[in-house]
Each structure stands twice: as C-alpha cells, then as structure tokens.
Amino acid sequence: MLNNYYETKKLVRSLGLPVENINCCNSGCMLYCGEDEDLTSCKFCGHQRYKRRVGSRKRKLIPYKKMYYFSLIPRLQRLYVSHATAADMIWHHEHIQEEGVMRHPSDSKAWKHFNETHPFFVVEPRNVRLGLCTDGFQPFGHSGRKYSSWPVIVTPYNLPPGMCMKEVYMFLTVIVPGPNNPKQIIDVYLQPLIKELTLLWEMGVEAFDISKKQNFQLRAALMWTINNFPAYSMLSGWSTAGNLACPYCMEKDYVMVGKQLGLTVIEYFLTKIIRLGEIVKTFVKVRLSEGYHHPLEQERKS
C-alpha cells in the first residue's frame, strides 16, 4: 500500500498513461491548446482565460475552466503489448460466423459494409474498430447542486464478446466540464480526440505485437456512436426536433412536428400491424392523436 496521494500519482505516471489538463474558454468557445496555447483571452468572445487574483504576481494562474483528456493511442498500443489481450485482438477476424446468428458486432451488416468500402483497412486484421458513447450525469445530484458533466468513452470491438464489454476495456478519453450542458459545442471539447482518431485513420502509429514478436503500423476507425436521441443530435449535428427529426423516417408522411411526432409514429405502426379494420384505426387515431381519456379518468376529475 502506498502512503499518500503523491506516491500514487508518481506510480501511475510511470505506467505511461498521460493525462492532459487543457484550459477552456468559460463559455466553451475554444480550447487553449496547440497554436492557441499561449493566449490569455478567448479569440471568439474575449473572455479572460485566468481568474483575477489580488496579491503577488508570482501566484499560480487559475483558469476559469479546464478539461481532462486521456490519450487514446498509448492504451491501444498497450492492448498489443500485453499477453492477456494481444492474441484476442484479432478474434473478430478469425472466429467462424454462423449464418443468421449475430453474437458480435463483426457479424453485423454495418461491419461487413465497412469491410467492403475500405479494403485497405481490412488487410491488417490488427487494426482496431472503435465505438464511442457519451451521456451527461449529475455528479452532485444528492446535494441539490446543478452541475452537468459529460464523460466520453471509447471501446475497442476487436475483442471477443466476453471481453469487449468489460469495464476495463471501456476507455475514458474526455471529461467535458460543466456546469451546463455543452449542447452543440461539444465538438470543441472533442478536438483532442478527433485529432488522434484522424492520425490513427490516415497514417497510423507504430505498435509492437507481443504475440507475434513484430512491429506493425496500427490504424483505427470509429465505427459508430452509442447514445440517446438528444446526445445523437449533439454528436452528429442532426436536428432531432420538428420535421425530419428521425434520421431513418426522413420525409415519410407519418412523421409530424412537436408532440404529435411520437404518437403519429405509434399510430402508423399499430395500424400497419394489427389490420383489424377501420374500427381499430379510428380508435387508435382518437386514443393517441386527439387526447382520448378513459371514462374512469373523467369520473375522477369530476
């Protein structure tokens, strides 16, 4: 057991898993990194980077807001350095697929379509397929304080079904700071991750496969995102309100605006599946679209 927090940080630092502490604009306009690392105010809204402190100028500067980024590339390289995971990283390529059975994402149509579209990526079975998920939560919910934080988690899907969904292989990459929902500016906080994903897709990085005792060029591709409908809008930029709210329904006539959206979709599918004649269709229409109330509800109100 370690004696204090300082020794714990020193031990974790020696593992080679760096954590970047990146200053942000208080309004979420930009990150102070790369070419903008030395700026002292936001180049979009003009907000100051650091808080004003009364006293000596030698005091440490405190930013208004900061985010944490956990680099993805070192963790992907470690999957091939470890004897526990190196051989399993090509399971998706070697396992036998059963016709009509999907037990792993590699059996899905999306995976097979990606293989047909990008044959250069499929040539090396050790290339990593990734999924991204995010959602907001209230870390101080019990105290009554309103604060929304958004973790971004990346998962490699090369591993077998019994491994790829384990907590240890769900890589926390970004912690989007609060206190407010980032909404449409979440892409600002994803810039470091996007930069690494672009590098992994276009050029790749050198990695060592301990199971075959050889170096190779490791590439990675983000296959899909897993999120609820509001988070889908934030990540993709697709408006999930009003007409064309559903990216699958698109211009179909049963998609409507506002509160009628979900009810009209339910009515459409019920009338298509049940097919019990005009009586059932009329009942569903009245029940769902016109706000029908059960007689017991009316008696309770009176």
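Predicted, not measured: the structure shown is a model, and the values here were computed from it.

Peer 1: Looking at this structure, I do not really get the side chain of Ser233. What am I missing?
Peer 2: Note that Ser233 resides in helix α9 (residues 229-236). The exposure class of Ser233 is buried, given its relative accessible area of 9%. When residues no more than four places from it in sequence are discounted, the contact partners of Ser233 are Gln184, Trp238, Ser239 and Thr240.

Peer 1: Just checking my understanding: could you explain the sheet that holds strand β4 (residues 150-156) for this structure?
Peer 2: On the basis of which strands lie adjacent, the open sheet formed by six strands has the order β1-β2-β5-β4-β3-β8 and mixed pairing. Lying at the two open borders of the sheet, with one neighbouring strand each, are β1 (19-24) and β8 (220-226). Strand after strand, the sheet turns through a mean of 25° between neighbouring axes, direction not considered. In this structure, strand β2 (residues 65-70) lies alongside strand β5 (residues 171-176), joined through two bridges in antiparallel fashion. Note that in β5 the partner of Tyr69 across the bridge is Val174. Sheet strands in contact with helix α2 (residues 73-81) are β2, β3 (128-134), β4, β5 and β8, and its direction is about 170° off that of β5. Strands β1, β2, β3, β4, β5 and β8 of the sheet are contacted by helix α8 (residues 191-202), whose axis makes an angle of about 135° with β8.

Peer 1: What am I meant to see in unusual backbone geometry here?
Peer 2: What is expected of a backbone is that most residues other than glycine have negative phi and most peptide bonds are trans. A cis amide bond, omega 5°, links Gly178 with the succeeding residue Pro179. The topology assignment puts Pro179 in the loop between β5 and α7 (186-189). Even without being glycine, Lys183 reaches a positive phi, approximately 50°. In this fold, Lys183 is placed in the loop between β5 and α7. Even without glycine at this site, Lys213 takes up a positive phi of about 55°. Take Lys213: it is sitting in the loop between β6 (205-209) and β7 (214-218). In this structure Lys213 comes out as exposed when scored by relative accessible area, which is 58%.

Peer 1: Is there a simple way to think about helix α1 (residues 5-14) in this case?
Peer 2: Note: α-helices contain 3.6 residues per turn, so residues at a spacing of three or four share the same orientation. Of all ten residues making up α1, only zero are buried, and the element is barely covered by its neighbours. Where α1 begins, the side chain of Asn4 points an oxygen toward the backbone nitrogen of Tyr6, at a separation of 3.2 Å. Immediately beyond the C-terminal end of α1, within one or two residues, lies Gly16, with a positive phi of roughly 80°.

Peer 1: Where do I start with the pattern of salt bridges in this structure?
Peer 2: Opposite charge on two side chains allows them to pair when their charged atoms are near. Using the criterion set out here, one finds three salt bridges in the structure. The salt bridge involving Lys43 is made with Asp36; its shortest N-O contact spans 3.0 Å. Note on Lys43: relative accessible area 49%, which makes it partly exposed. Residue classification places Asp36 among the buried positions, given a relative accessible area of 17%. Between Arg126 and Glu124 there is a salt bridge; the shortest N-O distance is 2.9 Å.

What counts and how
Residues numbered from 1 in each chain as written. Predicted model: local features only at pLDDT ≥ 70, side-chain atom pairs only at ≥ 80, totals over all residues. Heavy atoms only, no water. Helix = DSSP H or I, 4+ residues; strand = E, 2+ residues; numbered from the N terminus. Buried < 20%, exposed > 50% of the residue type's maximum accessible area, 1.4 Å probe, protein only. Contact = heavy atoms within 4.5 Å. Pairing = 2+ DSSP bridges. Axes fitted to C-alpha atoms, helices over the stretch in contact; angles between N-to-C directions. Polar contact = N/O pair within 3.5 Å; in protein donor to acceptor, adjacent residues only side chain to side chain. Salt bridge = Lys/Arg side-chain N within 4 Å of Asp/Glu carboxyl O.

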